[in-house]
Amino acid sequence: MPYFYDADNARPVLAVRLAAHQMARIDEARHRLKLSRSDLARRALNDLLDRMMGDSAAT
């Protein structure tokens, strides 16, 4: 499967469209955890992928 990003880029951009209530939940969580939106998204994606793929694929 081809990947459509520059693998040499250390942090490729990922953009998503969210409903207002989803963004509100993200902002509430990031304020409570004292994280940036990017850090919260990275952590959430890593946790989701770990659960979906099994912990054996975790780094």
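This section reports on the structure supplied with the text. (Residues numbered from 1 in each chain as written. Predicted model: local features only at pLDDT ≥ 70, side-chain atom pairs only at ≥ 80, totals over all residues. Heavy atoms only, no water.)

## Focus: the side chain of R30
Turning to its location among the elements, R30 is positioned in helix α1 (residues 20-33). A polar atom in the side chain of R30 sits 2.7 Å from the side chain of D27. The contact partners of R30, leaving out residues within four places of it in the chain, are L35, S36, R37 and L40. (Helix = DSSP H or I, 4+ residues; strand = E, 2+ residues; numbered from the N terminus. Polar contact = N/O pair within 3.5 Å; in protein donor to acceptor, adjacent residues only side chain to side chain. Contact = heavy atoms within 4.5 Å.)

## Regarding the pattern of salt bridges
Between side chains of opposite charge, pairing is possible as soon as their charged atoms come close. Summed over the entire model, instances satisfying the criterion amount to 4 salt bridges. Here R30 ties to D27 by a salt bridge, and the two come within 2.7 Å at their closest N and O atoms. Here the residue R30 and the residue D27 both occupy positions in helix α1, the gap between them amounting to 3 residues, near one helical turn. Like R30, the residue D27 is buried in the burial classification. (Salt bridge = Lys/Arg side-chain N within 4 Å of Asp/Glu carboxyl O. Buried < 20%, exposed > 50% of the residue type's maximum accessible area, 1.4 Å probe, protein only.)

## Structural notes on a nonpolar patch on the surface
Together, L14, V16, L18, L45, L48, L49, M52 and M53 make up a nonpolar patch on the protein surface, roughly 800 Å² of accessible area in all. Inspection of the secondary structure puts V16 in the segment before α1. (Patch = residues over 30% accessible without salt bridge, like charges linked within 9 Å, V, L, I, M, F, W, Y side chains within 5 Å. Areas by Shrake-Rupley, 256 points an atom, 1.4 Å probe, with all protein chains shown as cover.)

## Quick word on unusual backbone geometry
Across residues other than glycine, the phi torsion is negative in most instances, and most of the peptide bonds are trans. Located in the positive-phi region is K34, a residue other than glycine, with phi close to 60 degrees. Mapped onto the elements, K34 comes out in the loop between α1 and α2 (37-53). With a relative accessible area of 76%, K34 lands in the exposed category.

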